Amino acid sequence: MLRHEQSPSITDYQQCDTYAWFSQRAWVEVDLAALSHNVQQLRRFLSARTQLMVVVKADAYGHGVVIVAQTVLKSGASWLGVATVPEGIQLREAGIKAPILILGATYTLEQIHALAHWKLQPTLSSPKQALIFSNTLEAINCDSHLPVHIKLDTGMSRLGTDWQQAGEFVQLVQRLPHLKIASIYSHLATADSLDPTVMNEQHTRFESAIAQIKAMGIEPPYLHLANSAATLADKRLHYDMVRVGLAVYGLYPALHLRERIDLKPVLQVKARVTQVKNIAQGTGVSYGHQFVAEQELRLAVVGIGYADGVPRNLSQKMQAIIRGVRVPQIGTITMDQLMLDVSALPSLQEGEVVTLLGQQGDENIYAEDWATQLNTISWEILCGFKHRLPRVAVI
Ligand SMILES: *Cc1c(COP(=O)(O)O)cnc(C)c1O
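Now for a quick tour of the structure. Note that the structure is predicted; figures quoted are calculated from it, not measured. All chains use their own residue numbering, which begins from 1 and follows the written sequence. Per-residue local features are limited, in this predicted model, to residues with pLDDT of at least 70; the limit for side-chain atom pairs, both in listing and counting, is 80 or more; totals at the level of whole chains, interfaces and linings are taken over all residues. Only hydrogens and water are removed before side-chain values are computed, so all heavy atoms of the structure are retained for them.

## Structural notes on the layout of surface pockets
Vacant regions in the atomic arrangement are exposed by a probe of water-molecule size rolled over the atoms.
Move 1: Note on definitions: the grid is 1 Å and covers protein atoms alone; a cavity is a set of points where a 1.4 Å probe fits but cannot get out; a pocket is an open set with protein on both sides within 12 Å along at least five of seven lines; lining residues have an atom within 4 Å of a point. Grid points are joined across faces, edges and corners, and a volume is the space filled by probe spheres set on the points. What the largest pocket holds in volume is close to 630 Å³.
Move 2: Lining the largest pocket are 27 residues, and of these Lys57, Tyr61, Arg158, His187 and Trp379 lie nearest its centre.
Move 3: Where helices and strands are cited, they refer to DSSP runs of H or I of at least four residues and of E of at least two residues respectively, numbered from the N terminus. Of all the elements in the fold, those that place two or more residues in the lining of the largest pocket are helix H3 (57-61), helix H10 (228-233) and helix H12 (378-383).
Move 4: Top element by residues in the lining of the largest pocket is H3. It accounts for three residues.

Now the structure itself:
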């Protein structure tokens with residue numbers, strides 16, 4: 001940490017080799033040891049026959065996809081899941097060889113061409129899509145079989161063929177040229193809920209779809225159903241693979257799942273104090289003067305704002321940690337900067353590090369804390385950090 005004991009002059013800055021603090025006003029720290037720990041914890045929780053797919057869509061939930069993919073594959077994951085074809089290509093271009101499932105929908109000639117070329121494995125959600133794939137692969141003279149993953153809708157009402165038509169759908173895909181069924185899967189809508197009723201109903205529907213498929217004389221295929229919440233909630237949902245996102249990043253999908261395994265948050269958001277000043281009683285702070293000092297106070301300006309992913313709706317509802325001390329944020333959060341009341345830290349200096357999300361000393365601020373304030377979920381908080389923040393890997 002850089003501290004200036006006295007206010008330095010411009011020439012001091014230029015001579016100082018840690019002058020670089022001005023160029024790193026804010027960043028996201030990604031703790032690779034915590035990431036590895038989480039994968040190992042999950043691996044230990046799963047039986048040997050169950051593979052671990054780490055879901056790395058949306059730039060690995062904001063953590064930086066390439067470094068995350070490399071780390072999780074070294075730590076015991078064997079599959080990667082992404083939402084789109086460009087996300088898959090990004091991993092292949094980085095030299096990643098592991099099997100990659102595209103969880104989202106793909107239909108076009110360009111997408112199918114890219115899937116075959118980059119060895120990415122698509123999700124097939126309807127007979128119509130399966131026919132488009134088969135015809136397109138025929139037209140581009142594809143001489144091998146593209147592995148495809150059959151998606152059943154068992155109650156999420158998102159992508160997938162209705163579970164009651166599972167048998168017919170699987171039979172159709174099996175008969176089509178150029179396609180090879182790699183797995184059959186479905187997605188749960190309420191696995192993070194305390195009440196397991198809907199999850200159990202989806203489980204029963206999935207089982208009955210599999211029974212239909214077997215009854216048609218089709219070899220029991222590779223099966224997967226569980227996201228993070230279901231993986232932690234019920235081992236009967238693990239099947240041959242689990243698709244885990246949030247838990248790998250060290251967050252729990254719900255409070256009641258906390259005791260299942262020990263996870264460590266991977267991401268921290270940090271920024272620097274760019275100016276410290278005293279303001280007199282009655283002074284307004286930031287746009288709209290939503291905050292007016294009731295007494296003289298010491299104010300720190302911090303170089304991070306809503307354009308970096310600190311939601312403006314957290315204005316005056318969030319805190320930050322400096323030198324292990326929790327301090328309140330005051331005034332409206334602006335695009336690139338926000339202000340803190342640092343009266344508790346009279347010797348605070350410009351250049352010091354502020355933790356907005358993460359741990360410092362005994363204090364912790366979790367993505368869940370922001371999510372609760374904003375009436376949203378931690379997934380959205382993690383995905384919200386913009387690329388203007390460099391991702392810095394720490395080991
Ligand atoms: C995003 C996603 C997951 C991962 O969900 P988490 O709750 O983050 O574990 C799993 N499966 C599918 C189909 C998804 O879209």
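## Comments concerning the packing of aromatic side chains
Move 1: Within 6.5 Å between ring centres, the rings of Phe, Tyr and Trp (the latter by its six-membered ring) count as paired, and their orientation is classed by plane angle as stacked under 30 degrees, edge-to-face over 60, tilted in between. A complete count under the given rule lists three aromatic pairs for this structure.
Move 2: Between Phe206 and Tyr239, the ring centres sit 5.3 Å apart and the planes meet at 80°, which makes this aromatic pair edge-to-face. Taken together, the residues span a long stretch of sequence, with Phe206 in helix H9 (residues 197-215) and Tyr239 in the loop between H10 and strand S10 (241-244) at a distance of 33 residues. Of the two residues, Phe206 and Tyr239, both sit in the buried class. Whether a residue is buried, partly exposed or exposed follows from its accessible area with a 1.4 Å probe, protein chains only, as a fraction of its type maximum: under 20%, in between, or over 50%, in that order.

## Let's talk about empty space enclosed by the protein
Move 1: A full pass over the atoms with the stated rule returns one cavity of 30 Å³ or more.
Move 2: As a volume, the largest cavity reaches approximately 80 Å³.
Move 3: Top contributing element to the lining of the largest cavity by residue count: strand S18 (residues 353-360), with three residues.
Move 4: Basically, the charged four are Asp, Glu, Lys and Arg, the nonpolar ten are Ala, Val, Leu, Ile, Met, Phe, Trp, Tyr, Cys and Pro, and anything else, Gly included, counts as polar. Considered class by class, the residues forming the lining of the largest cavity number ten nonpolar, three polar and no charged.
Move 5: Domain delimitation in this document rests on an assignment produced automatically or drawn from a domain database. Here the lining of the largest cavity spans two domains, and each of domain 1 (32-259) and domain 2 (267-365) adds at least three residues to it.

## Observations regarding the nonpolar core
Move 1: Of all hydrophobic cores here, the largest spans 118 residues; its most connected members are Val56, Ile304 and Trp370.
Move 2: At six residues, the largest contribution of residues to this core is made by helix H2 (residues 32-45).
Move 3: Residue assignment places this core across two domains, with domain 1 (32-259) and domain 2 (267-365) each supplying three or more.
Move 4: What makes two residues a contact is simply this: any of their non-hydrogen atoms within 4.5 Å. Contacts of Ile304, omitting those with residues within four sequence positions, involve Arg25, Ala26, Val269, Ala271, Val310, Asp336, Gln337, Leu338, Leu356 and Leu389.
Move 5: Buried Ala, Val, Leu, Ile, Met, Phe, Trp, Tyr and Cys residues that are joined via side-chain atoms within 4.5 Å together make up what is termed a nonpolar core. Counting nine residues, the second largest nonpolar core, distinct from the first, contains Val285, Ala293, Ile330 and Met339.

## Quick look at the site of the ligand
Move 1: Proximity criterion: a residue is near a molecule or strand once any of its heavy atoms comes within 4 Å of it. Within the structure, the ligand sits among 13 residues, and Lys57, Tyr61, Ser228, Gly245 and Leu246 are positioned closest to it.
Move 2: Between Arg158 and the ligand, the recorded distance is 3.2 Å, taken from a side-chain N or O atom to an oxygen atom.
Move 3: Only the protein chains shown count as covering a residue, and every accessible area follows the Shrake-Rupley method with a 1.4 Å probe. When the free accessible area of the ligand is taken as 390 Å², the share hidden by the protein chains comes to 93%.
Move 4: Among the secondary structure elements, those contributing two or more residues to the shell around the ligand are H3 and S10. Under this definition, polar contacts are N or O atom pairs within 3.5 Å; protein pairs additionally need one hydrogen-donor-capable and one acceptor-capable atom, and for neighbouring residues in sequence, both atoms have to be side-chain atoms.

## Focus on the side chain of His178
Move 1: Looking at where His178 falls in the secondary structure, it is placed in the loop between helix H8 (166-175) and strand S8 (179-186).
Move 2: A relative accessible area of 14% places His178 in the buried class.
Move 3: At a separation of 2.8 Å, a polar atom in the side chain of His178 contacts the side chain of Glu138.
Move 4: Each residue touching His178, except ones within four places of it in the same chain, is listed here: Ser134, Leu137, Glu138, Cys142, Ser144, His145 and Leu146.

## Side note on unusual backbone geometry
Move 1: Unlike most non-glycine residues, Asp59 shows phi in positive territory, near 55°.
Move 2: Assessed through its relative accessible area of 19%, Asp59 is described here as buried.
Move 3: A positive phi angle, near 75°, is found at His178, a position not held by glycine.

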